[in-house]
Amino acid sequence: MAAKDPTAVERANLLNMAKLSIKGLIESALSFGRTLDSDYPPLQQFFVVMEHCLKHGLKVRKSFLSYNKTIWGPLELVEKLYPEAEEIGASVRDLPGLKTPLGRARAWLRLALMQKKMADYLRCLIIQRDLLSEFYEYNALMMEEEGAVIVGLLVGLNVIDANLCVKGEDLDSQVGVIDFSMYLKNEEDIGNKERNVQIAAILDQKNYVEELNRQLNSTVSSLHSRVDSLEKSNTKLIEELAIAKNNIIKLQEENHQLRSENKLILMKTQQHLEVTKVDVETELQTYKHSRQGLDEMYNEARKQLRDESQLRQDVENELAVQVSMKHEIELAMKLLEKDIHEKQDTLIGLRQQLEEVKAINIEMYQKMQGSEDCLKEKNEIIAQLEEKTNKITAAMRQLEQRLQQAEKAQMEAEDEDEKYLQECLSKSDSLQKQISQKEKQLVQLETDLKIEKEWRQTLQEDLQKEKDVLSHLRNETQQITSLKKEFLNLQDENQLLKRKYHDQEQALQELGSKLSESKLKIEDIKEANKALQGLVWLKDKEATHCKLCEKEFSLSKRKHHCRNCGEIFCNACSDNELPLPSSPKPVRVCDSCHALLIQRCSSNLP
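Visitor: Before we go on, may I ask you to explain the overall build of the protein chain in this structure?
Guide: Broken down by element type, the protein chain carries eleven helices and six strands. Looking at the protein chain as a whole, 25% of its 606 residues are labelled buried. Counted over contacts in the protein chain with a minimum sequence separation of 6, partners at least 24 positions apart contribute 68%. Here the protein chain displays about 43,800 Å² of accessible surface, and carbon together with sulfur accounts for 53% of that area.

Following this line, the structure appears as structure tokens:
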């Protein structure tokens, strides 16, 4: 036989102890049925086992005074890996009574259990094995697979509710010793446990029936409250209907009044319109007769004005042409002067260029005596420039001759302009006199036109007033139509409310029938409960498969007790109903019991 590794044996023992402590804690807590305190023995043993598991394989850290071996170091790592654990770390550090790292670690474990996140925090540690290697040996429980198994088992503790007081406890000086007597079983304990299981099953059945009773009572009370609320709403709806009917009657009366008033207003407006039409026609005829004479006068005056304005425009056009001619001559003179100045500047510039070219030629002759080709080219350029200067001088002479001719023409034109201006002034005086006379006539005509316009404006204002009255009447008719629509909408709402009322009455009738059915069911359940007091029912948790078809129970395949034998079957194997000696009414029975009971009945018959 090969010798086993002692560390592996330690890991296995700690894993088994963890399984037993977690299983025992969950079972005892569920049977206990309320939140656990710090004095609860299975909970104390669980913390001791967890402390041993975390201490397994811890590296010894040397300090100046002594050797240090605590589990607070790896638990502090959780804050960095899991941000939600910062609150636990801060609250543990703030606790006043804790002085040692071991005490802080114990407080941390208790707070993590209360938060129901111990499995999540330790899972973060196990995943980061590189960081754990600083605190644990390579063959420690937290570094091997056993640590992951324990973390998986810790998830089941989320079912437990614990209320632990950490402030008052002396966690620094506690001695962590595992009590194995809690996990060893005797024959008497086993017998007591079986009895306890039977009693628990009977209590479960009793609690189930009581809960059904409570639920049915609550449903009945809720139905009563609904019926009351529906009756109240029904009365309110009836009141609202009566109010709506009264409003409709009032609206109908108002509608009749408005219609009669509308008819009267329409009659009055029609009469008024007929009278105004007759007046307007007579006034229009008089206006047309007066307008014809005025139009003739106005046309004659317009013709005279047109003739005189044409004469005046002709004279003004001639003046404008002469003035423009004069301006053009002045502009031409100015342009000629500018050209002469520019050409003089160009001549000066050309002479300067010639002098510069000559100086350059002398310098080039001194510097480059051997380059005759370049000198020939420059001589040709100089000849061209001289030809250009000759041409410019000839053009200057021609421009001077033109200037002299232009000055003579300007003198002659100025003499003619003076003569023509005198003639135009005499004509313009005579025309101004005639225009003043015509303007007086125009003023008279304009006054007559203003009077006619004012008279016409008064007529238009009267017409607008009548139009406003008509628009007001149209608005009133539109309001009447809108009231009709509202009335129709109210009728529709009234019909809808009546339908709702009928539907609610039907629903109430259905609820009453359902209530009677539920009462009958309650009576059946009570009778079945009386019959079952002598039987021992199987616990729902123990049965996972149907006893006859051996199919697994699920959400679709529900569990059903046989009222004769007390076993659990599926719906298909227990869909029979027979009257039993304990209950005269038919009760659910499994297929096997059904067959047996039928055989007994047939054998009893003669």
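Moving on, there is more to tell.
Visitor: Before we go on, may I ask you to explain the nonpolar core in this structure?
Guide: Nonpolar side chains tend to gather and get buried jointly when the protein is soluble and globular. If you look at the biggest cluster of nonpolar residues, it comprises 60 residues, and the most contacted ones within it are Phe46, Trp108, Met118, Leu122, Tyr136, Leu154 and Leu157. Those elements giving two or more residues to this core turn out to be helix H1 (6–32), helix H2 (41–55), helix H3 (72–81), helix H4 (86–94), helix H5 (101–115), helix H6 (118–127) and helix H8 (145–154). Discounting residues that sit within four places of it in the chain, Leu122 has contacts with Met50, Leu54, Leu75, Met142, Val151 and Leu154.

Visitor: Can you walk me through the environment of Lys438 in this structure?
Guide: On the secondary structure map, Lys438 appears in helix H10 (residues 372–532). Overall, the relative accessible area of 14% leaves Lys438 in the buried class. Measuring from C-alpha to C-alpha, the distance between Lys438 and Leu305 comes to 7.5 Å, with 133 residues separating the pair along the chain. Excluding anything up to four places from it in sequence, Lys438 contacts Gln304, Leu305 and Glu308.

Visitor: Looking at this structure, how should I read the packing of H1 against H8?
Guide: Two quantities define a packed helix pair, namely the angle between the helix axes and the distance between the axes. For the pair H1 and H8, interaxial distance at closest approach is 10 Å and the crossing angle is 5 degrees. Between H1 and H8, the crossing angle belongs to the class labelled roughly parallel. Two secondary-structure elements touch here, H1 through Arg11, Leu15, Ala18, Lys19 and Ile22 and H8 through Glu146, Val149, Ile150, Leu153 and Leu154. Looking at side-chain class alone, the contact of H1 with H8 contains seven nonpolar, no polar and three charged residues.

Scoring rules and cut-offs
- Residues numbered from 1 in each chain as written.
- Predicted model: local features only at pLDDT ≥ 70, side-chain atom pairs only at ≥ 80, totals over all residues.
- Heavy atoms only, no water.
- Helix = DSSP H or I, 4+ residues; strand = E, 2+ residues; numbered from the N terminus.
- Buried < 20%, exposed > 50% of the residue type's maximum accessible area, 1.4 Å probe, protein only.
- Contact = heavy atoms within 4.5 Å.
- Areas by Shrake-Rupley, 256 points an atom, 1.4 Å probe, with all protein chains shown as cover.
- Core = buried A, V, L, I, M, F, W, Y, C linked by side-chain atoms within 4.5 Å.
- Axes fitted to C-alpha atoms, helices over the stretch in contact; angles between N-to-C directions.
- Parallel < 35°, antiparallel > 145°, perpendicular 65-115°, else oblique.
- Nonpolar A, V, L, I, M, F, W, Y, C, P; charged D, E, K, R; others polar.

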